[in-house]
Amino acid sequence: MNAEFIAMLDYLERERGIKREILLEAVSNALLSASKKSVGASRDLRIDINPKTGEIRALANLLVADHVSNPQDEIELSRARKIKPDASIGDTVEVEVTPRNFGRIAAKEMIYEEFKDRAGEIVSGTVRRFDRSDVILDLGKFEAIMPQRERVVVEDYNVGDRLRAYVVAVENGIRGPEIIVSRSHPNFVRRLFELEVSEIADGTVEIRGIAREAGYRTKIAVWSANEKVDPVGACVGMRGSRVKNIVRELNNEKVDIIRWSSDPKEFVLEALKPAKVKNLVFDTEKKSVQISVDEDQLSLAIGKKGQNARLTSRLTGWEINIGKDISATTAVEQKVAQAAQTLAGALPITEEQALILVKSGFTNLEGLRDADVQDFVDILAVDETKAREIHEAVHQQEVAQ
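Notes on the structure in this doc start here.

Reading guide: rules and limits
- Going along each chain's sequence as written, the residues are numbered from 1 onward.
- With pLDDT at 70 or above as the cut-off, local features in this predicted model cover only qualifying residues; side-chain atom pairs require 80 or more to be listed or tallied, and sums for whole chains, interfaces and linings still use all residues.
- Just so you know, side-chain values use all the structure's heavy atoms and leave hydrogens and water out.
- In these notes, a set of buried Ala, Val, Leu, Ile, Met, Phe, Trp, Tyr and Cys residues joined through side-chain atoms within 4.5 Å is what counts as a nonpolar core.
- Throughout, exposure labels follow a simple rule: accessible area from a 1.4 Å probe, protein chains only, divided by the maximum for the residue type, with under 20% read as buried, over 50% as exposed, and the rest as partly exposed.
- The helix count covers DSSP runs of H or I at least four residues long, the strand count covers runs of E at least two residues long, and both are numbered beginning at the N terminus.
- Whether two residues touch is decided by their heavy atoms; if any such pair falls within 4.5 Å, the residues are in contact.
- Between the rings of Phe, Tyr and Trp (Trp by its six-membered ring), a pair exists once the centres lie within 6.5 Å; its type follows the angle of the planes, with under 30 degrees stacked, over 60 edge-to-face, and the other angles tilted.
- Note on pairing: DSSP must find at least two bridges between two strands before they are called paired.
- Throughout, an axis means a line fitted to C-alpha atoms (over the contacting stretch in the case of helices), and angles, computed between N-to-C directions, take values from 0 to 180 degrees.

### Observations regarding the nonpolar core
In summary, soluble globular proteins display a tendency toward joint burial of nonpolar side chains. Residues Ile49, Leu137, Leu139, Phe142, Ile179 and Val181 are the most contacted members of the largest nonpolar core, which totals 44 residues. It is helix α1 (residues 2-15) that contributes the most residues to this core, six residues altogether. In contact with leucine 137, other than residues within four places in its own chain, are Gly125, Thr126, Val127, Arg128, Phe142, Glu143, Ala144, Leu163, Ala165 and Val181.

Put into structure tokens, the structure is as follows:
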């Protein structure tokens, strides 16, 4: 069990450049709490580690008693004298209380010490095995768990696959330290951009928001205080090289890079691209916006299964409602109704009949002058007498004019 601990010490000293004395002190402190869980809160508990052999002992100063009522704090006189021959009632005797597999416990504590501050980083590992639907990654000296909820639904993993993942959390649970990683977390994309785009790494370009549906599409909003810097162009890279590297890592997930704006209208318009918007109406109380687009832009604006609208809403913080622009249709309908009203007022016909004539192409009296009696019979489904009456009225209007 000591070999595992020594191997861990060697690894951290070599790879992380941490002095062995500092490592041993950190592990000793961590093991104090771990050993208390294993052996109980023994009196004056201390940890002794041999830096060469890796032998670890837990030692406690127990009070010598005639009758032991609290085994964690007391020791019988007869047992105490085997350790210290001249012991007497009321003395303290240092007793080894090392739990089983203490080396393994120490190694696990070192994993926690190594990774506890690495949440938010990207790590690389190899798929070692599967625990039901969870993926176990081999990170070298450590293992990480990618739970099903952190997997990308469209990705398949096989034993031996090399993967990069985002460290979501390092939890010191009942089974020891657990490194939880994710490929579906929005911050996985954020960290990839920070690693790939030097302007983001040095603070010239800022990521102001990310909305992601892992495996399908991500929208990322970027901004720069430097007017000479194009934040979108910086993220795209020369001939798209930077964003292509990220898309390749994400297995061809679509990535939209958007220019962030403090103006909600500009921001929403940018986020909805490439869809072209006709009109936006903001409701600041409900934090919602009603968006109108032409019919041929409707499916593009909403996106497959509503994805574009959904991601735009998450990115901008506004509830997005998209509908077809009806302004042009309304204008046409108004013209038709007006023309029908004019015909009904000039001829012995109802507004309903006038509407039928307009929709048949006769939008004014001048056009009706070329119609004969039979035309009125066929279009309006009236008898010949009524048709003749309408025909004569049309021509009387011509004389009157």
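Moving on, there is more to tell.
### Observations concerning the packing of aromatic side chains
Applying the stated rule across the entire model yields three aromatic pairs. Arranged with centres 5.0 Å apart and planes meeting at 80 degrees, the rings of phenylalanine 282 and tryptophan 318 form a pair that is edge-to-face. Highlighted residues: phenylalanine 282 in strand β13 (residues 279-283) and tryptophan 318 in the loop between α11 (307-316) and β15 (319-324), separated in sequence by 36 residues. On the basis of relative accessible area, tryptophan 318 is assigned to the buried category, the value being 10%. An aromatic cluster is present here, built from Trp223, Trp260 and Phe267 joined pairwise through their rings.

### Some details on α11
Burial analysis of α11 places seven of its ten residues in the buried class, which makes it a mostly covered element. Turning to α11, its buried residues are Gln307, Asn308, Ala309, Leu311, Thr312, Leu315 and Thr316. Looking at the buried positions of α11, the neighbouring elements they touch are β10 (206-213), β11 (217-223), β12 (254-259), α9 (264-272), α10 (298-302) and β15. At the exit of α11 stands glycine 317, carrying a positive phi of roughly 85 degrees.

### Things to note about the side chain of serine 292
Its location among the elements puts serine 292 in strand β14 (residues 288-293). Look at serine 292 and you get buried, because its relative accessible area is 16%. Every residue in contact with serine 292, bar those within four places of it in the chain, is listed here: Val277, Lys278, Asn279, Gly323 and Asp325.

### What to know about the sheet that holds β12
Read from one edge of the open sheet, three strands run β10-β11-β12, paired in mixed fashion. With partners counted over all chains shown, the strands left at the sheet margins are β10 and β12, one partner each. Ignoring which end each strand starts from, the neighbouring axes of this sheet average 15 degrees apart. Inspection of the sheet shows β10 paired to β11 by seven bridges, in the antiparallel sense. Within β11, the position partnered with glutamate 213 by the bridge is arginine 217. In the packing of α11 onto the sheet, contacts are made with β10, β11 and β12, and the angle to β10 comes to roughly 145 degrees.

### Observations concerning the environment of valine 277
When you line up the elements, valine 277 lands in the loop between α9 and β13. The partly exposed category is assigned to valine 277, whose relative accessible area is 22%. Here the alpha-carbon distance between valine 277 and isoleucine 291, two residues 14 residues apart in the chain, equals 7.1 Å. Sequence-distant contacts of valine 277, that is, excluding residues within four places in its chain, are made with Leu269, Leu272, Ile291, Ser292 and Val293.

### Observations concerning the sheet that holds β14
Here three strands make up an open sheet; going across it, the order is β13-β14-β15 and the pairing mixed. In the strand order of this sheet, the two ends are held by β13 and β15, each with one partner. Across the sheet, the mean angle separating the axes of adjacent strands is 20 degrees when strand polarity is ignored. Of the strands in this sheet, β13, β14 and β15 are in contact with α9, which crosses β13 at around 125 degrees.

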